[in-house]
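Chain by chain, the residues run as shown.
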Amino acid sequence: MKERAALPPLREVIKKHGLSANKALGQNFLFDMQLLDRIAAVPGDLNGQTVFEVGPGPGGLTRALLQAGARVTAVERDRRCLPALAELGEHFSDQLEVIDDDAMRVDLASLFDAPFHIVSNLPYNVGSALLIKWLSEPQWPPQWQSLTLMFQREVADRIVAREASEAYGRLTILAQWRCNARLAMTVHRSAFTPPPKVMSAIVHLTPKAQPEGVHPRVLADLTQAAFGQRRKMLRQSLKGVAGALEALEALGIDSARRPETVSVDEFVAIARLLTPAA
């Protein structure tokens, strides 16, 4: 690995390439290398490991991952950032591959033939959509070994929430039914350039055994119906889901309850009864 002293400060890289955070792309840049090193350390020892990064921008987190010894494949749709990333790639020969594309269109199975980690300061405007995409893979356990992702604090709280809490919702169920999720660290808004209006947090997820007899799409549709009308009782919010009310009765779940009081395990049990036999 190259010594960090040989790399120009991130602020100089930004100035050299005339970069500024693009609000339309949900960009907010981090320059504090100590903070970036802490984020890169969340998944554990990455020396020799493969990492997928979304939206590297000028390459702050990318630099930290490379310094940790990771081989990084980064997807960046903002072509203004590509020259800065190319310079970083020259410094870390054979460790960095940059793909000019939209992460929502990228097929991870076509990029990697071995296990990998996903580490990213996700663009705020696509963070939840990307997470749901990665959590909804039909094959489980997935090829990725862990997710270390930056979200707005409000979204992070939803991912790690407990039932009956204000943050508990659809994202909670989709994250926790077959993953262990924890809040790894919080990041103050002042750490970013420009500072966003909200606080941020790093969430770390690792796959666990998927409950048997449940199809991800069934659970996704069930939770969408339940939390799409969050303040309504289950008998109202789920009446449009074929077989859902019968499943509640069979499981002894009171249809007068509201969705935020229904545990992850209970939602999984309902989805199991609604999943067609293989």
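The residue numbers shown here count from 1 along each chain, following its written sequence. In view of the model being predicted, local features appear only for residues whose pLDDT reaches at least 70, and side-chain atom pairs are presented and counted only at 80 or more, with totals across whole chains, interfaces and linings using the full set of residues. Heavy atoms throughout the structure, all of them, feed into the side-chain values; hydrogens and water do not.

As a further point, take the pairing of strand S3 (residues 71–75). Along a regular strand, successive side chains alternate from one face of the sheet to the other. Think of it in three bands: with a 1.4 Å probe and only protein chains considered, a residue is buried below 20% of the maximum accessible area for its type, exposed above 50%, and partly exposed in between. Note on conventions: DSSP H or I runs of at least 4 residues are helices, E runs of at least 2 residues are strands, and numbering of each starts at the N terminus. Counting buried positions over the five residues of S3 gives four, a clear majority of the element. By the convention used here, strands pair only if DSSP detects at least 2 bridges between them. Bridge analysis of strand S2 (residues 50–54) against S3 gives five bridges, and the strand direction is parallel. The partner of Thr50 across the bridge, within S3, is Arg71. The crossover handedness rule: strands pointing away from the viewer, path from first strand over the helix to second strand clockwise, crossover right-handed. At this point the chain moves from S2, through helix H3 (residues 60–67), to the parallel S3, and the crossover so formed is right-handed. In terms of strand pairing, S3 meets strand S4 (residues 96–99) through four bridges, oriented parallel. Within S4, the residue paired with Thr73 across the bridge is Glu97. What joins S3 to S4 is helix H4 (residues 82–91), and the crossover it makes is right-handed.

What follows deals with the environment of Arg257. By secondary structure assignment, the location of Arg257 is in the loop between helix H11 (244–251) and helix H12 (264–274). Note: C-alpha distance between Arg257 and Leu88 (169 residues apart in sequence) is 54 Å. Those residues in contact with Arg257, other than ones at most four positions away along the chain, are Lys232, Met233, Leu234, Val262, Ser263 and Glu266. Contacts: residue pairs with any heavy atoms within 4.5 Å of one another.

A few words on the pattern of salt bridges. Between Lys or Arg on one side and Asp or Glu on the other, a salt bridge is scored when a side-chain nitrogen of the former is within 4 Å of a carboxyl oxygen of the latter. Per the counting criterion, the structure on display carries ten salt bridges. The partner of Arg105 in a salt bridge is Asp101, with the nearest N and O atoms 2.9 Å apart. You can call Arg105 exposed: its relative accessible area is 62%.

Attention shifts here to the nonpolar core. In this text, buried Ala, Val, Leu, Ile, Met, Phe, Trp, Tyr and Cys residues form a nonpolar core when linked through side-chain atoms within 4.5 Å. The biggest cluster of nonpolar side chains holds 35 residues, and the ones touching the most others in it are Leu36, Ile39, Leu65 and Val72. At the level of secondary structure, the elements contributing two or more residues to this core comprise helix H1 (10–16), strand S1 (29–30), helix H2 (33–41), H3, S3, H4 and strand S7 (179–187). Setting aside chain neighbours within four positions, we find Val72 in contact with Val51, Glu53, Thr62, Leu65, Leu66, Gln95, Leu96 and Glu97.

Shape is all these values report; function is a separate question.
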